[in-house]
Amino acid sequence: MNLTPDSALDPAISERLRHTAEGLVPVVVQQHGSGEVLMLAWVDDEALARTIDSGRATYWSRSRREYWAKGDTSGHVQWVKEVRLDCDGDTLLFVVDQVGAACHTGDRTCFDADLVHRVDG
């Protein structure tokens, strides 16, 4: 895959986004077809442009301070089917075809590990 450091996001899209003070927007990642929520990640305009250009989910790592295309090291690639913007412009949704585990722990989703509360009935 050829990710260039000069990918540019369409200014009309960027203007619709409500970025954090760090220039980031949260992304909820959902499995195409099933609707399963896989993970949450962050993008800036560059990462979003790379995602749109390549068809592979690319994010900004807040801890490593670098871009990462999902699956570069694990092989667990996310092929992006849709990019959606919520009504407030402050959250994106990537609808993807996930290959392998979405979570860095090896779980299918990042939400498999810890149930905080459940309402039965």
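Cut-offs used in this document
- Residues numbered from 1 in each chain as written.
- Predicted model: local features only at pLDDT ≥ 70, side-chain atom pairs only at ≥ 80, totals over all residues.
- Heavy atoms only, no water.
- UniProt positions renumbered as here; feature names shortened; annotations may be inferred.
- Helix = DSSP H or I, 4+ residues; strand = E, 2+ residues; numbered from the N terminus.
- Salt bridge = Lys/Arg side-chain N within 4 Å of Asp/Glu carboxyl O.
- Buried < 20%, exposed > 50% of the residue type's maximum accessible area, 1.4 Å probe, protein only.
- Pairing = 2+ DSSP bridges.
- Axes fitted to C-alpha atoms, helices over the stretch in contact; angles between N-to-C directions.
- Contact = heavy atoms within 4.5 Å.
- Polar contact = N/O pair within 3.5 Å; in protein donor to acceptor, adjacent residues only side chain to side chain.
- 1 Å grid on protein atoms, 1.4 Å probe; cavity = no way out; pocket = protein on both sides within 12 Å on 5 of 7 lines; lining within 4 Å.
- Points joined across faces, edges and corners; volume = space filled by probe spheres on them.
- Phe/Tyr/Trp six-rings, centres within 6.5 Å; stacked < 30°, edge-to-face > 60°.

Examining the UniProt feature "domain: Phosphoribosyl-AMP cyclohydrolase" (unreviewed entry) in the protein chain
Feature annotation in UniProt assigns "domain: Phosphoribosyl-AMP cyclohydrolase" (unreviewed entry) to the following positions: residues 39–111. With 14% helix and 38% strand, residues 39–111 has end C-alpha atoms that lie 7 Å from one another.

Re the pattern of salt bridges
Inspection of the entire model under this criterion finds 6 salt bridges. One salt bridge in this structure joins Glu36 and Arg108, with 3.2 Å as the shortest N-O distance. With Glu36 in the loop between strand E1 (25–31) and strand E2 (37–43) and Arg108 in the segment after strand E6 (92–98), this residue pair connects regions lying 72 residues apart in the sequence. Residue class for Arg108 comes out partly exposed when judged on its relative accessible area of 31%.

Considerations on unusual backbone geometry
Backbone geometry places Arg65, a non-glycine residue, at a positive phi of 60°. As for its placement among the helices and strands, Arg65 is situated in the loop between strand E3 (58–61) and strand E4 (66–69). Residue classification places Arg65 among the exposed positions, given a relative accessible area of 58%.

With respect to the sheet that holds E2
Taken in spatial order, the 4 strands of this open sheet run E2-E1-E6-E5, and their pairing is mixed. Here the strands that pair on one side only, and so sit at the sheet edges, are E2 and strand E5 (78–85). With strand direction ignored, the average angle separating the axes of adjacent strands in the sheet is 30°. The sheet contact formed by E5 and E6 spans 7 bridges and is antiparallel. Its bridge partner being in E6, Leu85 is matched across the sheet by Leu92. Here helix H2 (residues 45–54) sits on the sheet in contact with E2, E5 and E6, set at roughly 40° to E6.

Here we look at the environment of Tyr59
Mapped onto the elements of the fold, Tyr59 is located in strand E3. One polar contact links Tyr59 to Gln78, side chain to side chain, over a distance of 2.6 Å.

Let's talk about the layout of surface pockets
Looking at the largest pocket, its volume works out to about 500 Å³. If you go around the largest pocket, you meet 23 residues; those closest to its centre are Met39, Arg64, Trp68, Lys70 and His104. Of all the secondary-structure elements, those providing two or more residues to the lining of the largest pocket are E2, E3 and E4. Looking at which element gives the most residues to the lining of the largest pocket, the answer is E2, with 4 residues.

Let's talk about the packing of aromatic side chains
One pass over the full model with this rule turns up 3 aromatic pairs. Considering the side-chain rings of Tyr59 and Trp68, the 5.0 Å spacing of their centres and the 45° angle between planes classify their relative orientation as tilted. Owing to a relative accessible area of 0%, Tyr59 belongs among the buried residues under this scheme. Trp68 gets classed as partly exposed once you look at its relative accessible area, which sits at 23%. Look at Trp60 and Tyr67: their rings are 4.9 Å apart centre to centre, the planes differ by 70°, and that puts the pair in the edge-to-face class. Under the relative-accessibility criterion, Trp60 is labelled buried at 15%.

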